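# Descriptive structure summary
In case you want the letters, here they are:
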Amino acid sequence: MFPSCYSKPADSGGKRSSVAKLLLGVFVVYMLHTAWLLYGFLNTKPCYGGKGEPCITSYLAAKPRLQMSVFTCLVPDNSQLTLALRVDLFDPHSTFERQVSVSLPEETQNNGSLYAVVYVHKAGISPLEDRREVHYAAHLTTYITPPRTKGQKASMKKREPQRPVSHWRPHLSITVMSEEFSFSKAGLPSDVRRYMRISQEGRRMTYLPLLLVNELTCRVKDLMEINSSSSVQLPLTVSYEGISLRTFRFWIHLHDIVYSLRQFGFTEENIDEIKETLIGSNLYLLVLTALITSLQLICEFLALKNDVCSWAKKKSMVGMSRKSVLWRCLGTLLIFLHLLEETSLLVLLPVGLGACVEVWKVFKVFKIQLSRRFYTNKLDEEERKTVEYDMQASRYLSYLVYPLCISGAIFSLGYICQKNYYSWLVNTLVTGVYALGFLSMAPQLFINDKLKSVSHLQGAVLMYRGVNTLISDLCACASFFSSSVPFTSSHQLSCFRDELLFLLYLFQRRRYSSVPKRRESVSKKVKTQ
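Residues numbered from 1 in each chain as written. Predicted model: local features only at pLDDT ≥ 70, side-chain atom pairs only at ≥ 80, totals over all residues. Heavy atoms only, no water.

So, on to the state of the cysteines. Two cysteines joined by a covalent bond between their sulfur atoms form a disulfide. Inspection of every chain in the model, using the stated rule, returns one disulfide. C47 shares a disulfide with C55; S-S distance 1.8 Å. Here the S-S torsion is close to -65 degrees, and the disulfide linking C47 with C55 is therefore left-handed. Relative accessible area serves as the criterion here: at 7%, C47 is assigned to the buried category. C329 takes part in no disulfide bond, and the closest cysteine sulfur, belonging to C356, lies 9.6 Å away. (Disulfide = S-S within 2.5 Å. Buried < 20%, exposed > 50% of the residue type's maximum accessible area, 1.4 Å probe, protein only.)

Take a look at the structure:
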């Protein structure tokens, strides 16, 4: 996976540097390409008709009298349409919201589907008779698996699949690109071309209204389960808004993203969280978030790569605190179990990968090997000295940690009545990890001070993770001061450990920079003893 981890010692520095430069170059090229695409996305070139350039003008520029009709049907075609709403004097530049009642067919009540077909056509005639009509079909129902109650979980057989049930979408959000924009035929954006219908009279080309039903406004919490006992009529809120070309293209790309996530197997609950993030931000803030996320992914990848490579080449565990590695492993596993109940796969995957690496470090630092027999390797003199320092620091630390942990567990006993025992135990342990996790660094800092060296630590890993968590905390502070969003979650507070460790590492590195190398100093101490 990491080809430079097991290179020869003489070439390891050069190869690590070349890999880092290669990754940095790929990242820079990717960011430049993304910036160019965003520039073209935000600045669509209009057509002025100079030098015989063919232009495609807007049908709305002629100020036609339009009508909007919303039908329901079992199959999105032109047969068996039931009228649900009609707006006689439809103004594309206006906004409105209407409440209607939709009658459910018998097929829909029996776990079937239902569609809404929105027509924008010439006023006074049927949309089926207008050759310049535009329409868009959208789902009014969706299939999801209903959440099980505790009683259902207890009585459910093992591996029994649960059937998805049809749910009602109570909101229908309609948008039309009301900006009278003239497109160049040669430079027509591909995303707009998919939604465009062109009417040509002679040499003049006109595009019909760009219609889109925004399905991203629907949330899982708003869905209503449909069954045989449901009401024959269900409420539907129909809203309309005229949008600009830039906003229209923005919604198109968000719909493509959600469609891709469904193809990758994401559940509706996970997609719902992503919708909340995408729709809750404006376009410029979303672009900034994407850039920051890309930078964090690069930092996290480089930190993981350097961490795995450094530990894979470690032969001696001199200077490494076994207790710090063990506590960090246990803390990461507890955080993973805690997030397993309430977080999407986007967060679970990196946390789970980090937990696997931390478990591997424990086997490495304790020199545990698994074969036909379970055994550990012996420690040399320098490693035994490190273990003595580690136990000494842990003993001092226990005088502070044990009373705090016991008092925190007693304080949280009041919540055991509201949750089951497993949830209470995991939440209590995770709260201790979040609140006192930075204390697990104390043995390592104590060993560094005793050995007067930090050469056994991975400076690059601390640097990448320190920058990564610093960016996360700065973004959290910005969101706190710019909106009413809560400052941070308990998971965000755990990032404080990496920042504090990085600052203390810089302090100790500067302090011990003039001290001779660790191995030479330690060997002299052993000889004198």
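There is more to say, and it comes next.
Bringing the sheet that holds strand β9 (residues 171-177) into the picture now. One open sheet accounts for four strands, arranged β4-β15-β9-β13; its pairing is mixed. The open sheet has two free edges, formed respectively by β4 (95-103) and β13 (211-213), since each of these has just one partner strand. Shown here is a sheet whose adjacent strand axes are inclined to one another by a mean of 25 degrees, direction ignored. By the bridge criterion, nine bridges tie β4 to strand β15 (residues 233-243) in an arrangement that is antiparallel. By the bridge assignment, V100 is partnered in β15 with L236. Against the sheet, helix α5 (residues 245-263) makes contact with β9, β13 and β15, and its axis sits at roughly 45 degrees relative to β13, the strand it touches most. (Pairing = 2+ DSSP bridges. Helix = DSSP H or I, 4+ residues; strand = E, 2+ residues; numbered from the N terminus. Axes fitted to C-alpha atoms, helices over the stretch in contact; angles between N-to-C directions. Contact = heavy atoms within 4.5 Å.)

Relative to the assigned elements, R98 resides in strand β4. The spacing of R98 and S239 is 141 residues in sequence and 6.3 Å in space, taken between C-alpha atoms. Excluding residues that lie within four positions of it along the chain, R98 makes contacts with L85, V87, L236, T237 and V238.

What follows concerns the pattern of salt bridges. Considering all chains together, one arrives at 12 salt bridges under this definition. A salt bridge links R132 to E201, with the shortest nitrogen-to-oxygen separation between them at 2.4 Å. Of this pair, R132 sits in the loop between β5 (115-122) and β6 (134-139) while E201 sits in strand β11 (residues 198-201), placing them 69 residues apart in sequence. In this structure R132 comes out as buried when scored by relative accessible area, which is 19%. Here D191 and R249 are joined by a salt bridge, their closest N and O atoms 3.0 Å apart. Of this pair, D191 sits in helix α4 (residues 190-193) while R249 sits in helix α5, and the two are 58 residues apart along the sequence. Like D191, the residue R249 is buried in the burial classification. (Salt bridge = Lys/Arg side-chain N within 4 Å of Asp/Glu carboxyl O.)

Further remarks concern the packing of aromatic side chains. With the rule as written, the count across this model stands at eight aromatic pairs. Look at F71 and Y119: their rings are 5.8 Å apart centre to centre, the planes differ by 85 degrees, and that puts the pair in the edge-to-face class. Remark: Y119 occurs in strand β5 and F71 occurs in strand β2 (residues 66-73); sequence separation between them is 48 residues. Since its relative accessible area comes to 12%, F71 is described here as buried. Given a relative accessible area of 1%, Y119 falls into the buried group. Measuring from centroid to centroid gives 6.4 Å for Y396 and F446, while their planes differ by 85 degrees, and the two rings are edge-to-face. With Y396 in helix α10 (residues 381-411) and F446 in helix α12 (residues 442-451), the pair connects residues that are 50 residues apart, well separated along the chain. (Phe/Tyr/Trp six-rings, centres within 6.5 Å; stacked < 30°, edge-to-face > 60°.)

Let us look at α5. The terminal C-alpha atoms of α5 lie 27 Å apart, and with 19 residues this matches the ideal 27 Å at 1.5 Å per residue to within 8%. Residues of α5 that are buried: L245, F248, R249, F250, W251, I252, L254, H255, V258 and L261. (Expected span 1.5 Å × (residues − 1).)

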